[in-house]
Amino acid sequence: MIRHIVFSSLLAATPAFAGPDGTAIFADHCSSCHAETRLGGTGPALIPEALGRIKGEALAGIIANGRVATQMPAFAGDLTVEEIAAVAAYIAEPLPEAPSWTTADIEATRDLKTNYIPAEKPVFAADPMNITLVVETGDHHVSVLDGDTFDVLDRFATPFAVHGGPKFSPDGRFVFIMSRDGWVQKYDIWSLAEVGRVRAGLNSRNIAMSHDGNWLAVANYLPNTLTILSTADLSVAKVIDIIGRDGGPSRVSAVYQAPDRKSFVLALKDVPEVWEVATDPEAGPYHEGFVHSFEKGMEESLAAEEGLFARRRIMVEAPIDDFFFSPNYQNLIGTNREGDKGVVVNLIVGREIAELPLPGMPHLGSGISWMRDGRRVMATPHLREGMLSVIDMQSWNVVTTIPTNGPGFFLRSHENSPYVWADVFFGPHKDEMHVIDKKTLKIVKTLNPSPGKTVAHVEFTRDGSKALVSVWEDDGAVIVYDAATLEEITRLPMKKPSGKYNVWNKIHFEEGTSH
Ligand code: DHE
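Worth saying up front: this structure is predicted, and the values here are computed from it rather than measured.

The next point concerns helix α2 (residues 22–34). Its 13 residues place the ends of α2 only 14 Å apart at the C-alpha level, less than the 18 Å of an ideal helix rising 1.5 Å per residue. Of all the bends found along α2, the most pronounced is centred on D28 and spans about 50°. Taken together, the buried positions of α2 are occupied by G22, I25, F26, C30, S31 and H34. Buried residues in α2 make contact with α5 (81–92). Its side-chain oxygen placed 3.0 Å from the backbone nitrogen of T23, D21 serves as the N-cap of α2. A35 lies just past α2 and shows a positive phi near 75°.

What follows covers the pattern of salt bridges. Two side chains bearing opposite charge may form a pair once their charged atoms approach each other closely. Across all of its chains, the model carries 20 salt bridges by this definition. Measuring nitrogen to oxygen at the nearest pair gives 2.9 Å for the salt bridge that ties R155 to D139. Separated by 16 residues along the polypeptide, R155 in strand β4 (residues 152–157) and D139 in the loop between β2 (131–136) and β3 (141–146) bring together distant segments of the chain. Owing to a relative accessible area of 34%, R155 belongs among the partly exposed residues under this scheme. With a shortest N-O distance of 3.5 Å, R412 and E459 are connected by a salt bridge. One end of the pair, R412, is in strand β25 (residues 411–412); the other, E459, is in strand β29 (residues 455–460), with 47 residues separating them in the sequence. E459 sits in the buried class, given a relative accessible area of 1%. One continuous salt-bridge network, built from bridges that share partners, spans E107, R110 and D233.

A word on the pairing of β29. A large share of β29 lies buried, amounting to 6 of its 6 residues. Here β29 runs beside strand β30 (residues 466–471); their pairing, made up of 5 bridges, is antiparallel. Note on β30: the bridge partner recorded for A456 is S470.

Moving on to the layout of surface pockets. Looking at the second largest pocket, its volume works out to about 580 Å³. Along the wall of the second largest pocket there are 29 residues; nearest its centre are P259, Y329, K506, F509 and H515. For the lining of the second largest pocket, the elements supplying multiple residues, two or more each, are β5 (167–168), β9 (203–209), β13 (252–258), β17 (320–325), β21 (368–372) and α8 (503–507). Counted by class, the lining of the second largest pocket contains 14 nonpolar, 9 polar and 6 charged residues.

Here we come to the environment of A379. Mapping A379 onto the fold places it in strand β22 (residues 375–381). Separated by 229 residues in the primary sequence, A379 and F150 place their C-alpha atoms 29 Å from one another. Beyond its immediate stretch of four places on either side in the chain, A379 contacts G367, I368, W370, S389, V390 and L411.

Our focus in this paragraph is the sheet that holds strand β11 (residues 225–230). With antiparallel pairing, 4 strands are arranged side by side in an open sheet as β9-β10-β11-β12. The open sheet terminates on both sides in strands that have one partner only, identified here as β9 and β12 (236–241). Put simply, the sheet's adjacent strands are angled 20° from each other on average, direction ignored. As judged from the 5 bridges shared by β11 and β12, these two strands associate in the antiparallel manner. Considered in β12, the bridge of T227 is made with V239.

Right, let's get into the site of the ligand. Among the 22 residues in the neighbourhood of the ligand, the closest are listed as H163, K167, R180, R205 and H457. Contact distances for the ligand include 3.0 Å between an oxygen atom and a side-chain N or O atom of R412. Contact distances for the ligand include 2.6 Å between an oxygen atom and a side-chain N or O atom of H457. Those elements that place two or more of their residues in the shell around the ligand are β9, β13 and β33 (497–502). The element contributing the most residues to the shell around the ligand is β9, with 3 residues.

Procedures and definitions
- Note that residues are indexed from 1 along each chain, following the sequence as it is written.
- Local features in this predicted model are restricted to residues of pLDDT 70 or higher, and side-chain atom pairs are both shown and tallied only at a pLDDT of 80 or more, whereas totals for entire chains, interfaces and linings draw on every residue.
- Side-chain descriptors were evaluated using all non-hydrogen atoms of the structure, hydrogens and water having been removed beforehand.
- Each helix is a run of DSSP H or I of at least 4 residues and each strand a run of E of at least 2, with the numbering of both proceeding from the N terminus.
- One less than the number of residues in a helix, times 1.5 Å, gives the span that helix is expected to have.
- Throughout, the bend at a residue refers to the angle made by two axes, fitted to the seven residues ending there and to the seven starting there.
- Between buried and exposed lies partly exposed: a residue is buried under 20% and exposed over 50% of the maximum accessible area for its type, with that area taken using a 1.4 Å probe on protein chains only.
- The contact criterion used is simple: two residues touch if any of their non-hydrogen atoms lie within 4.5 Å.
- Whenever a nitrogen or oxygen atom comes within 3.5 Å of another N or O atom, the pair is scored as a polar contact, on the condition that within protein one atom can donate a hydrogen and the other can accept it, and that pairs from neighbouring residues in sequence are kept only if both atoms are in side chains.
- Salt bridges, as used here, are contacts in which a Lys or Arg side-chain nitrogen is within 4 Å of a carboxyl oxygen on Asp or Glu.
- A strand pair is defined by DSSP finding two or more bridges across the two strands.
- Put simply, the grid is 1 Å and covers the protein atoms alone, a cavity is a trapped set of points that fit a 1.4 Å probe, a pocket is an open set with protein on both sides within 12 Å along at least five of seven lines, and lining residues have an atom within 4 Å of a point.
- Grid points are joined across faces, edges and corners, and a volume is the space filled by probe spheres set on the points.
- Ten residue types, Ala, Val, Leu, Ile, Met, Phe, Trp, Tyr, Cys and Pro, are classed as nonpolar, four, Asp, Glu, Lys and Arg, as charged, and the remainder, Gly among them, as polar.
- Only the stretch in contact is used when fitting a helix axis, every axis being a line fitted to C-alpha atoms; angles between N-to-C directions are given from 0 to 180 degrees.
- In this text, near means that some heavy atom of the residue lies within 4 Å of the molecule or strand in question.

Dropping the structure here:
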């Protein structure tokens with residue numbers, strides 16, 4: 001049982017010199033994940049700029065009790081109340097020098113492999129469109145799978161703690177992989193070789209590929225920037241400082257590409273704004289949106305600049321954490337930081353148009369949509385409640401909530417599959433995977449392929465005939481299922497395989513996959 005501890009009197013009363021040494025405790029218990037510099041590794045940066053509103057008692061409470069939906073463990077069993085208070089006080093102190101990460105710093109880390117020789121055609125016989133990458137976070141590698149035979153064509157080392165979906169070039173040849181500490185790696189699938197890497201930020205969230213494949217946006221927590229890299233050689237095209245309309249800086253919660261709008265769309269963590277950045281100087285739909293907003297007299301929605309990387313600011317009621325696009329990229333469906341409601345922001349008119357009753361911290365970044373009885377519906381899991389919400393994307397009403405055996409993290413389907421696969425990531429049923437009928441919205445089967453082990457995240461083969469499921473453990477596996485009969489076909493040993501990404505499904509924005 002979690003021991004909840006009250007720290008207020010202790011934090012107020014304990015003089016810094018009288019108690020345990022927070023610096024030493026940090027070095028012993030925290031630095032392996034958060035880095036000695038406190039600038040982040042597997043865990044986020046632990047400095048006031050990154051911690052934002054989490055202060056004092058709340059900070060000590062997280063150290064003691066851990067954090068839902070993250071890998072942050074509870075230290076209440078290992079550290080005393082005084083030791084926790086001391087380490088909380090230490091990480092609440094500003095760094096002696098503000099961390100900066102300039103264009104010159106980024107460029108200095110750029111490492112293009114001198115032994116890389118691009119192949120003229122794929123060096124393997126497998127279908128290059130049916131390649132599936134498996135990110136193995138257990139030992140920081142990626143396995144390159146032939147999506148037909150499931151042979152491992154290559155297994156290469158990645159930067160430490162890869163997070164989020166790798167992003168493919170539009171032709172499916174290159175892939176870009178990001179780590180939580182801001183490294184971006186470029187890999188050539190045809191040549192089965194790394195092209196190079198660069199540290200684009202100090203603590204990063206995710207990456208997005210531009211509609212034309214020329215630019216890669218890196219969303220950073222630290223510093224408060226969006227780094228735009230040239231995909232050709234990983235050089236810096238632009239670093240955009242994220243400053244809200246009121247002058248305050250902000251972290252970027254997430255960036256995604258809106259290919260139809262020829263733009264990147266960013267949710268900001270600390271200011272109530274959504275930004276849109278043009279990835280084409282002539283970005284037509286982008287400018288239509290701009291004009292429409294202008295006609296409505298919404299000055300907030302005016303673009304600040306023109307041309308490539310011009311930025312548009314859309315004001316929203318509260319900061320948005322993560323979001324999901326409607327298939328035509330006209331609306332984004334986001335969740336607030338508290339995770340108790342959803343909002344629909346229309347990108348044409350540049351404002352919120354609907355609110356959704358979505359309590360229990362919806363994980364909208366994992367949302368997927370499909371057609372049901374002639375209407376498009378979307379589904380999202382919730383990180384704090386064992387249920388999926390299914391929403392009608394025309395009326396924005398909740399069609400139903402599907403009770404699950406615990407809160408889940410990821411959802412996947414494929415246009416050729418009648419089912420949605422939903423993991424039960426948290427709680428005693430973490431070893432289960434629900435398979436849900438897209439028409440009846442009923443669970444048709446609950447798989448339990450490795451009792452006691454976490455089972456999560458699904459990816460389909462190009463044609464949707466097989467579903468690949470992770471056994472999310474250091475001695476884990478990718479299990480290949482027949483997506484129609486739901487029978488196991490084979491099991492590939494893998495080291496904590498987190499996400500899996502099929503080239504075709506990703507570059508064609510297959511409707512059962514998120515972003
Ligand atoms: Fe993720 C994707 C945010 C914790 C594994 N996660 C994403 C994306 C965002 C996000 C914004 C979409 C990026 C993209 O694909 O472009 N994740 C967050 C959080 O805010 C959260 C809750 C807290 C945090 O620590 O950042 C969080 N995520 C985790 C984990 O603890 C997971 C389970 C393990 C890990 O590796 O850190 C995890 N997140 C993933 C994975 C994806 C992901 C595997 C890609 C899923 C996909 O299919 O695309």
